[in-house]
Amino acid sequence: MRSSGAAARVQPVTRDARQPGISRRVRRRRLFEPELVGEALAQSFVMLRPDIQWRNPVMFVVELGAVLTLLFVIQGAGGSSATQVPLTYFIALDAWLFLTVIFANFATALAEARGRAQAQALRRARSETAAYRLDRDGGLREVPSSALRPGDRVAVSAGQTIPSDGEVIEGIAAVDESAVTGESAPVIREAGGDRSGVTGGTRVISDRIVVRITAPPGQAFLDRMIALVEGAVRQRTPNEIALTLVLSGLTLAFLIVVVPLWPMALNAEEYMTSYLGLSQPLQSLGTDVPTLVALLVCLIPTTIGALLAAVGIAGMDRALQANVIAKSGKAVETAGDIDTVLLDKTGTVTVGNRQAAGLIALAGYAEARLAQLAALASAADQTPEGKSIVRLAQQQGIESGAPPLTKAAQFIPFSAQTRMSGVDLPDHRRIRKGAPDAVVAWVKERGGSVPDGFQEAVQSVASQGATPLAVAEDGAIAGIVVLEDTLKQGVRERLWRLKQMGLRTVMITGDNPLTAATIAERAGVDDFVAQATPESKLAYIRKEQAEGKLVAMMGDGTNDAPALAQADVGLAMNAGTQAAKEAGNMVDLDSDPTKLIEVVEIGKQLLMTRGALTTFSVANDVAKYFAIVPALFAGTLPWLAGLNIMGLHSPTSAILSAVIFNAVIIVLLIPIALKGVKYRPLGADALLRRNLLVWGLGGVLVPFVGIKLIDLVLVATHLTA
Amino acid sequence: MRSLQVWLLPASITLFTILVAFPLSRYMAWIMDGRYRAPRLLRWIEARLDSGAQDWKQYAVSLLVFNTLLFVYGYAVLALQPWMPLNPQHKGMLAPSTIFNSVASFMTNTNLQHYSGEVHLSNFSQVFFVILNQFVSASVGLCALTAIIRAFRGASRVGNYFVDMWRAVAYLFLPAALLLGVLFVSQGAPMTFASSYQVGTLEPNAMGTADNGQAKAQTLVVGPVAAEVPIMMLGTNGGGFYGMNEAHPYANPTAVSNFFVTFAMMVFPFALVLMYGRMLGRRRHSWVIFLVMLLLFVGTIGWAVWFDTLRGNPGLTAHQERALKIASAGRAGAATAVRLPATGGLPVDQHLGNLEGKELRFGTSAGATFGAVTVDVTCGAINCEQDSLNPLAGLSPMVGMWLNCIFGGKGVGMINLLLFLVIGVFLAGQMVGRTPEYLGRKIGAREMKLAVVALLVHPLLILGPSGLFAATAWGQKAEGNPGAHGFSEIVYQFSSASANNGSAFDGLGVTYGFNDNPNPSPEAVPWDLATGLVMLFSRYLPILAPMALAASLGLKKAAPSGLGTLRDDTFTFGCLLFGTIVIVGALLFMPVAALGPLAEHLGPIPFGG
């Protein structure tokens, strides 16, 4: 009853097919774990080095400004300050400018530390296997697998896990490679020849072999994947590069705004001095360089500039928490852009096995009798289908009669030639169940005939997307068992969610078009590829891509590899073959076929978080202007106090409040950068409206409140004049 | 009743223009797509011009070469003015710096005039320099927009520059200008090659008396005024025949002509936005853009009318004494106490608003309306004295120039809007959870680089020179008024140059005059050179970079739009676009707004005015 093509190969994934330990150990971390915070704090100071800071243009400008201000502080401390601005103001300003940079570094360092911790947890899980090393004297010594070096020889007995990649040099054994290949049938590995390679993490089922380790510790396949995760952390994705460029552009724009303010403020000072007929020239903060630096720092997009790297790293981190190893940040980002998702029917849309769902009795057989016959024929059938038939019969109150059959009855297993299975009872009754045409042939062979309505019933079952299974007793057809694909629980909701996200869902199945269409309709997928072959999958992906769409798919087999490579997001199951894992750009350690949905959401969340923080950062500037512009010109154009709508205490407290707000908001937004803005599948328009209100309008309003509060605190604590 | 009268003019002109813009946009799309079948002679000319389909680089090079030739030609015409025909008054040669400024100005569709038309230009120069430039420079922006649209359609060949120029001039501007010219002649605008008339004044000795005791005759300068005004308005050029521009009774004789000159400068910019949607097949998208622009448009007009026509001139009203403390920088308590004495009001009836510098022939709100419209659509013609607008009302034209995309000039306004759009979509559009897309194409690093460069040119060329001139004698000696108002004059001049607008706040001494002028304005040369360079740089970079952007974007594969993609034809998108323009604009220009108009408004009166 196996359908042809790729779908048939997807085995229902059982617990033991997973890498033991791996999925368990990657746990959700608390946001600010003290250990990681400490590490990140230290790193934030290291990152002040200009050659590192340079990589973040926005924060580099802040650092330059802080250093420039420091020069003024030194000059002021030396008593040679040309300005009348109090030194304490300079010191406070400079401290907060440096803090701004440190906060930004902290965000990045914390995200990196979390990512590293995550990867280390994975690696630890891998290396904790015990190994039995053969010493030169022939003795066995138990060592952790991480202690193994290339050239070491280890003995592995039945039931043990092979500690690392290597080569069999002695013995022959059956090895369960399902953890790596997904194939549950054990394979023979023996010394010599091309069947001697073994992979770390696979399990010896029988016998004992001696393996010479070939991979240095941390270089086995999974280790390489983890290393990729860590390496990808510092690579900028295309969107990140474009955003960095825009942020640099905005920085430049605000330089263009702030630099000419100096001569403009000078102009105002000169004409006001002459207008008021003063003997001493007026001096405003508008010609004070550190204050202009403060204005610049407040205006340039420091919030997103500080958090951009953290957002990207956290995106990969979230993927890792979902037990998905993304080979690059780009893959995660692309996931958010996916237009079409290719889903394997088995395991994703349906439970994976046909289940007996009904009986159609024919030719005078009672339904109960038919149920009994079907159960008898399936009594020894350990396939999910066979079990489901027995279960159906039991539900109808019929005992399969298995106990009396155990000894004398002879079971006929399913074979590809006969396409039937069944039982020969001691009383010489023969019961068969199988593909309708095979059963008809068997019946005719024994001189039986096909009852009326049989062909019609077969066709009507098939047309409903179910599979008819004929049941016959000796020379007579008793009826039909209807096998149905059962939809996975919640699959409709999940597919609806994908649709709300704007994705087109395509079901891939080896079934015939009729069956496929019915299941597609029941599940609510948009399109399907029936009788799918690796070639037709690849062709479908190419067709979609030619229309400008980005395609995601999940696969596990070697013949999925081309399609996985072609897809924009190729999620390989860890239980799949090596080829599939190499071809895809992500690996799912859980081998969970529904993981694609999560991956797409993580990608969308990543982009949304970036957009939200950018919008927030830019929108913040409006309030900062209202704080700083009147303060800049309080010494020349006091009537601009009309713009001081927040009623800030004094020019210096206004500027300090804006700078402090600008620095503190970075820390406050770290949780959002790391956890991501919650994605809701509302459709783009509703989502945009919502986020524009929260982050755009909110970004305009929040700093008015924040700056005012900081100003109140500064005044209340007498920290400012 | 009065408020109704005040708003009736701007409202009726805007509505009328919208009504005309719809069919006109259809005609324009039809023309620019070349779907017409021209008479044989015109077809023959077009065939001669057609040098084949060009990619965007060839198109851009053609545009630049054409403009370079135009520069050389313009410089020659003005420099050779004394030796050219149609110059009975034997007008001499302008100062070389002024010629440079004027050539740059007219070539870039700016029409900033550091000279006075009736004094300094012969009729030959008016026709062969001014009018010619006004036709072709208006077409340049239109061609660029057309090329951008074709690139967005995915074409690697964006058309032929010379054919596009021909289409714009021959089928759009010439017929429209002809039609309006007839209308203006009927309203009394002069249309002659005669240069001037000597007339006796009704009031004897109004022009003074000569040495022999005879009353001096008045010299009335005339010329092909009715030919110049239509294209000056339709092409959003704004460079008038007379120094007084559209306030002059010959250039703008009646209320009817005022209605139509205002309409004429608005109609093509309005229609161009709709043409954009038509040619791209995304009409709803263009309506959203149109409405966003209209909102800003109505806002700037409303602001100007509200603070000028419906408010009195604060310089004429009484003010109470104000005591102020001017905090010396940072030092607490070290404040200079300043007492501003009370001022008495002048006995002026201000119930009709601020009437200083207005042409009341057109109605009280006509000046403020015109003043706002002319900057929104980067025309630069004026029918009142912008310098005399109330301080806050004067902010409105500045905002129009700073944003430079409230319909904007021929094509370039739409192009500028695209820059805001791309940046807004890039920054905020990610919030739908996808890489930002416009027209289904992903916006990448290259596109953003081009958009940012194009967007930075404008603030750089306004704020940089404004700062330089404000702090040096170049600006301080040229200011007609000290203080905040003088600062506004400087900022306005550079804004006008950079926006390729051409209107003047006035009050700045920027006129050198003829080369042999013994008493030129002291700082005229630096102003000539600085604004001339600003006009050149702010013209071509913001046209070429978006062309490259469109070409780069157009070649990408367009993803189909769906539930998950950002829709560009919704209310939400309009809010996004509006927010981007307002916030980015405010962030770039709020400090100068505070130092200029706001400081003047909030400060003591008389102060800097």
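Residues numbered from 1 in each chain as written. Chains lettered and ligands numbered in written order. Predicted model: local features only at pLDDT ≥ 70, side-chain atom pairs only at ≥ 80, totals over all residues.

1. As for the overall build of chain B
What chain B contains, in helices and strands, is 18 helices and eight strands. Computed over C-alpha atoms, the radius of gyration of chain B comes to 24 Å, within 12% of the 25 Å expected from 2.2 N^0.38 for 609 residues, which places it in the range of a compact globule. The principal-axis extents of the C-alpha atoms in chain B amount to approximately 75 × 70 × 50 Å. For chain B, buried positions account for 59% of its 609 residues. Once local pairs closer than 6 in sequence are excluded, the contacts in chain B between residues at least 24 apart make up 78%. (Helix = DSSP H or I, 4+ residues; strand = E, 2+ residues; numbered from the N terminus. Rg over C-alpha atoms; globule rule 2.2 N^0.38 Å. Buried ≥ 20, exposed ≤ 12 C-beta atoms within 10 Å, placed from the backbone. Contact = placed C-beta atoms within 7 Å.)

2. Overview of the overall build of chain A
When helices and strands are tallied, chain A shows 26 helices and 22 strands. Scored against the burial criterion, the 721 residues of chain A give a buried share of 56%.

3. As for the interface of chain B and chain A
It is common to give the size of an interface as the accessible area that goes away when the parts come together. Contacts between the two partners involve 67 residues from chain B, matched on the other side by 82 residues from chain A. When contributions to the side of chain B that touches chain A are tallied by element, the ones reaching two or more residues are strand S5 (322-327), strand S6 (335-340), helix H13 (412-428), helix H14 (445-471), helix H16 (483-498) and helix H18 (571-602) of chain B. The element contributing the most residues to the side of chain B that touches chain A is H18(B), with 15 residues.

4. Here's the deal with the nonpolar core
Counting residues in hydrophobic clusters, the biggest one holds 367 residues, and the most contacted among them are Ala107(A), Leu307(A), Ala310(A), Ala552(A), Ile628(A), Val659(A) and Met547(B). It is helix H24 (residues 595-632) of chain A that contributes the most residues to this core, 21 residues altogether. If near-sequence neighbours (up to four positions away) are discounted, Val659(A) is found in contact with Leu93(A), Trp96(A), Leu97(A), Ala294(A), Val297(A) and Cys298(A). Listed in part, the 39 residues of the second largest apolar core include Leu370(A), Ile389(A), Ala457(A) and Leu483(A). (Core = buried A, V, L, I, M, F, W, Y, C linked by C-beta atoms within 7 Å.)

5. As for the sheet that holds strand S10 (residues 324-326) of chain A
Residue and element names in this part refer to chain A. Within the open sheet, the seven strands sit side by side as S10-S22-S21-S20-S11-S18-S19. Their pairing is mixed. Two strands bound the open sheet, and with one partner strand each, they are S10 and strand S19 (527-529). In this sheet, neighbouring strand axes are inclined to one another by 20 degrees on average, regardless of whether the strands run parallel or antiparallel. For strand S18 (residues 504-508) and S19, the ladder comprises three bridges, and the chain directions are parallel. Within S19, the residue paired with Ile 508 across the bridge is Val 529. (Pairing = 2+ DSSP bridges. Axes fitted to C-alpha atoms, helices over the stretch in contact; angles between N-to-C directions.)

6. Comments concerning helix H14 (residues 367-378) of chain A
Residue and element names in this part refer to chain A. A rise of 1.5 Å per residue sets the reference length of H14, with its 12 residues, at 16 Å; its end C-alpha atoms lie 16 Å apart and thus fit the reference within 8%. Of all 12 residues in H14, nine are buried, a share of seventy percent or more. Residues of H14 that are buried: Leu 370, Ala 371, Gln 372, Leu 373, Ala 374, Ala 375, Leu 376, Ala 377 and Ser 378. (Expected span 1.5 Å × (residues − 1).)

7. As for the sheet that holds strand S8 (residues 203-204) of chain A
Taking strand neighbours across the sheet as the criterion, the three strands line up as S6-S5-S8 (chain A) in an open arrangement whose pairing is antiparallel. A single partner strand is all that each edge strand has here, and the edge strands are strand S6 (187-190) and S8 of chain A.

8. Looking at the pairing of strand S3 (residues 153-157) of chain A
All names here are of chain A. Burial of S3 is one-sided: the residues Val 154 and Val 156 facing one way are buried, the residues Arg 153, Ala 155 and Ser 157 facing the other way are not. With five bridges connecting them, S3 and strand S9 (residues 208-213) associate as antiparallel partners. By the bridge assignment for S9, Val 156 is matched with Ile 209.

9. Side note on unusual backbone geometry
Residues and elements named next belong to chain B. Non-glycine residue Asn 111 carries a positive phi angle of around 65 degrees. If you trace the backbone, Asn 111 turns up in the loop between helix H4 (96-107) and helix H5 (117-120). Asn 111 gets classed as buried once you count the C-beta atoms within 10 Å, which come to 31.

10. Let's talk about the packing of H14(B) against H16(B)
All names here are of chain B. At their nearest, the axes of H14 and H16 sit 9 Å apart, and the two run at 145 degrees to each other. Here H14 and H16 pass one another in a crossing that is right-handed. Residues His 458, Leu 461, Ile 462, Pro 465, Ser 466, Phe 469 and Ala 470 of H14 lie in contact with H16, whose contacting residues are Phe 487, Ile 490, Val 491, Phe 494, Ser 495 and Ser 498. Looking at side-chain class alone, the contact of H14 with H16 contains nine nonpolar, four polar and no charged residues. (Left-handed = near helix turned anticlockwise from the far one by under 90°. Nonpolar A, V, L, I, M, F, W, Y, C, P; charged D, E, K, R; others polar.)

11. Some points on the confidence of the model for chain B
Per-residue pLDDT for chain B has a mean of 91; in total, 98% of the residues score no lower than 70. For this predicted complex, the interface confidence score (ipTM) comes to 0.93, while the overall pTM stands at 0.86. (pLDDT = per-residue confidence, 0-100.)

12. Quick look at the packing of helix H1 (residues 2-32) of chain B against helix H7 (residues 161-187) of chain B
All names here are of chain B. Two numbers describe how H1 lies on H7: the axes approach to 10 Å, and their chain directions differ by 140 degrees. Taken together, H1 and H7 sit at an angle that is classed as oblique. Like other packed secondary-structure pairs, H1 and H7 cross with a definite hand, here right-handed. Contacts between H1 and H7 involve Met 28, Ile 31 and Met 32 from the first element and Asp 164, Arg 167, Tyr 171 and Leu 172 from the second. Here the residues of the contact of H1 with H7 sort into five nonpolar, no polar and two charged. (Parallel < 35°, antiparallel > 145°, perpendicular 65-115°, else oblique.)

13. Observations regarding H16(B)
Owing to its 3.6 residues per turn, the α-helix aligns residues three or four sequence positions apart on the same side. All names here are of chain B. The first and last C-alpha atoms of H16 sit 23 Å apart over 16 residues, in line with the 22 Å expected at 1.5 Å per residue. The element H16 is extensively covered by neighbouring structure, given that 16 of its 16 residues are classed as buried. Within two residues after H16, Asn 500 carries a phi angle of roughly 55 degrees, on the positive side.

14. Description of the pairing of strand S11 (residues 340-344) of chain A
All names here are of chain A. Of all five residues in S11, five are buried, a share of seventy percent or more. Residues Thr 340, Leu 342 and Asp 344 line one face of S11 and the alternating positions Val 341 and Leu 343 line the opposite face, and both faces are buried. In the sheet, S11 pairs with S18 via five bridges, with the strands oriented parallel. From the neighbouring strand, Asp 344 faces S18, where its bridge partner is Ile 508. Sheet topology note: the S11/strand S20 (residues 551-555) ladder contains three bridges and is parallel. Counterpart to Thr 340 in the pairing with S20 is Val 551.

15. Some remarks on the environment of Leu640(A)
On the secondary structure map, Leu640(A) appears in the loop between H24 and helix H25 (651-675). As a C-alpha pair, Leu640(A) and Pro630(A) span 10 residues in sequence and 5.3 Å in three-dimensional space. Every residue in contact with Leu640(A), bar those within four places of it in the chain, is listed here: Val629(A), Pro630(A), Phe633(A), Ala594(B), Leu598(B), Ala599(B) and Leu602(B).

16. Things to note about the confidence of the model for chain A
Residues and elements named next belong to chain A. Confidence along chain A averages 82 in pLDDT terms, with 87% of residues attaining 70 or more. Helix H10 (residues 289-299) holds the highest mean pLDDT among the elements of chain A, 95, whereas helix H1 (residues 22-25) holds the lowest, 37. Below a pLDDT of 50 lies the segment residues 1-27, which in the model reaches 69 contacts outside its immediate sequence neighbourhood of four places, other chains included.

17. Thoughts on the environment of Gly138(A)
Residue and element names in this part refer to chain A. Within the secondary structure layout, Gly 138 lies in the loop between strand S1 (130-134) and strand S2 (140-144). For Gly 138, a count of 6 C-beta atoms within 10 Å translates into the label exposed. Sequence separation between Gly 138 and Ala 309 is 171 residues; the distance between their C-alpha atoms is 52 Å.

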